[in-house]
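One-letter residues, chain by chain:
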Amino acid sequence: MTEQKWTTDRLPSFEGRTVIVTGATSGLGRIVATELGAKGARVVLAVRNVAAGEEVAATIEGKTEVRSLDLADLSSVRQFADAWDGAIDVLINNAGIMMVPKRLTTDGYESQFATNHLGHFALTNLLLPHITDRVVTVASSAHRWGGFDLDDLSWERRDYQPQKAYGQSKISNLLFTLELQRRLEGTGLRAYAAHPGYAATNLQSHTGNSLKHALMAIGNRVVAQSAEAGALPTLYAASQDLPTGSYVGPDGLGEYRGSPTLVGRTAIASDPQLARRLWTESEAMTGVSWPL
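Residues numbered from 1 in each chain as written. Predicted model: local features only at pLDDT ≥ 70, side-chain atom pairs only at ≥ 80, totals over all residues. Heavy atoms only, no water.

## Focus on the pairing of strand S5 (residues 131-138)
Applied cut-off: Only protein chains enter the calculation, and the probe is 1.4 Å; a residue is then buried if its accessible area is under 20% of its type maximum, exposed if over 50%, and partly exposed in between. Here a strand is any run of E in DSSP of at least two residues, a helix any run of H or I of at least four, and the numbering for each starts at the N terminus. Pairing between two strands is assigned when DSSP locates at least 2 bridges connecting them. By convention, orient the strands away from the viewer: a clockwise path from the first strand over the helix to the second makes the crossover right-handed.
The buried fraction of S5 amounts to 7 of the 8 residues, a majority that puts the element mostly inside the structure. With 5 bridges connecting them, strand S4 (residues 88-93) and S5 associate as parallel partners. Residue pairing for S5: Ile 92 is matched across the bridge by Val 136. Following the chain from S4 across helix H4 (residues 111-127) to the adjacent parallel S5, one finds a crossover that is right-handed.

Laid out in structure tokens, this is it:
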């Protein structure tokens, strides 16, 4: 008998559970928030644009709440965490930016590394005393694109390459999940990572390069799977009983599309020593330490 492919029809009830989804105003985050709301979750949309978040929340079934969060600004991350009260069953670190021109955040860090990794690193550690079940961090198959320079995380010495900078930020997501799970052993909490494959969203439309926009627009039409399909690995990681530290992605050729399954990662993204070193560096950059 052929194994049934996993879809949102197989999502369990989230009745009575609280889930925070970062970057929930569009793309994968919006779909994840919508699907979990339909299953009874209290969904907290953690977003930069509160007005846009309110518009999305109005379309989601069930209990919703919108809170301001700018992951590129560590003071905003602290304000979000300081204002939180009560349990969080699942934290979904979904928000991100992709292959943008070089710019520095208010804290002085390269924006892709700061938004995709440092903001979520700080948010997770600050909220961890409230979390009761798991943390799901959205990574990418783009972690295979390049190397990792722990001594130049903000691209101060290297010539900035948006694609490789994005890849480095996604390696960081996986190293973060690896070290987070090591630290969570024995607590009953779990850390997972997920990636959407090649999903057609607006993430690819901020490169500042018209040629790249045109090529990715073609890719979205010809190669990519829908955003709904791309959200499935995150929903799977948020709801299923998986081995700790699991990485979920599509099961198709090249992990571009398909149904959720456990996938592998590069040697760099699997290096426990590098994961510990990145954690130490991230604590120094954010001023946020392990809380447990």
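The structure having been displayed, the exposition proceeds.
## Brief notes about the packing of helix H3 (residues 74-82) against H4
Pairs of packed helices are described in terms of their axes, by the angle between the two and the distance that separates them. Which entries qualify depends on this criterion: With axes taken as lines fitted to C-alpha atoms, and helix axes fitted only over the stretch in contact, angles between N-to-C directions fall between 0 and 180 degrees. Here the word oblique covers every angle except those under 35 degrees (roughly parallel), over 145 (roughly antiparallel) and from 65 to 115 (roughly perpendicular). Each crossing is labelled by how the near helix is turned from the far one, with a counterclockwise turn of less than a right angle marking it left-handed and a clockwise turn marking it right-handed. Two residues qualify as a contact provided that any one of their heavy atoms is within 4.5 Å of a heavy atom in the partner residue.
Between H3 and H4, whose axes approach to 9 Å, the crossing angle comes to 25°. Taken together, H3 and H4 sit at an angle that is classed as roughly parallel. For the crossing formed where H3 meets H4, the hand is right-handed. The segment H3 lies against H4, with Leu 74, Val 77, Arg 78, Phe 80 and Ala 81 engaging Leu 118, Gly 119, Ala 122, Leu 123, Leu 126 and Leu 127.

## Overview of the pattern of salt bridges
The test is simple: When a carboxyl oxygen of Asp or Glu is within 4 Å of a side-chain nitrogen of Lys or Arg, the pair counts as a salt bridge.
According to the stated counting rule, one finds 14 salt bridges in the structure shown. Between Asp 89 and Arg 17 there is a salt bridge, with the nearest N and O atoms lying 3.9 Å from each other. Within this pair, whereas Asp 89 is found in strand S4, its partner Arg 17 is found in the segment before strand S1 (18-22), the two being separated by 72 residues in sequence. Judged by relative accessible area, Asp 89 falls into the buried class, the value being 15%. For Glu 255, the salt bridge is made with Arg 144, and the minimal N-O distance between the two is 3.9 Å. One end of the pair, Glu 255, is in the loop between strand S7 (247-250) and strand S8 (260-262); the other, Arg 144, is in the loop between S5 and helix H5 (162-184), and 111 residues separate them in sequence. Owing to a relative accessible area of 16%, Glu 255 belongs among the buried residues under this scheme. Overall, Arg 144 belongs to the partly exposed group, its relative accessible area being 44%. Because the salt bridges share partners, they merge into one network encompassing Arg 17, Asp 89, Asp 133, Arg 134, Arg 190 and Asp 241.

## Some thoughts on helix H9 (residues 272-286)
Selection criterion: One less than the residue count of a helix, multiplied by 1.5 Å, gives the span that helix is expected to have. Taken from the helix axis, the directions to the C-beta atoms give the arc we talk about. Here a polar contact is taken to be a pair of N or O atoms separated by no more than 3.5 Å, where protein atoms must pair a possible hydrogen donor with a possible acceptor and residues adjacent in sequence count only if both atoms sit in side chains.
Along its 15 residues, H9 runs 21 Å from first to last C-alpha, staying within 8% of the 21 Å computed at 1.5 Å per residue. Leu 274, Ala 275, Leu 278, Trp 279, Ser 282, Met 285 and Thr 286 are the residues of H9 that are buried. Seen along its axis, H9 keeps its buried residues to an arc of 140°; they face one direction. Tucked inside the fold, the buried residues of H9 contact H3, H4 and H5. Taking the backbone nitrogen of Gln 273 as reference, a side-chain oxygen 2.9 Å away marks Asp 271 as the first, capping residue of H9. Once H9 finishes, Gly 287 follows within two positions and takes phi at roughly 75°, a positive value.

## Quick look at the packing of aromatic side chains
Counted only if it meets this: Stacked, edge-to-face and tilted are the three classes for Phe, Tyr and Trp ring pairs, Trp counted by its six-membered ring, which pair at centre distances within 6.5 Å; planes under 30 degrees apart are stacked, over 60 edge-to-face, the rest tilted. Two conditions define a charge located above a ring, namely a distance within 6 Å from the ring centre to NZ of Lys or CZ of Arg, and an angle within 35 degrees of the ring normal.
Under the definition given, this model contains 9 aromatic pairs. Relative to Tyr 160, the ring of Trp 155 lies with its centre 5.9 Å away and its plane at 85°, an arrangement referred to as edge-to-face. Note on Trp 155: relative accessible area 3%, which makes it buried. Classification of Tyr 160 as buried rests on a relative accessible area of 18%. The ring of Trp 155 has Arg 158 lying over it, and the distance from NZ or CZ to the ring centre is 3.6 Å.

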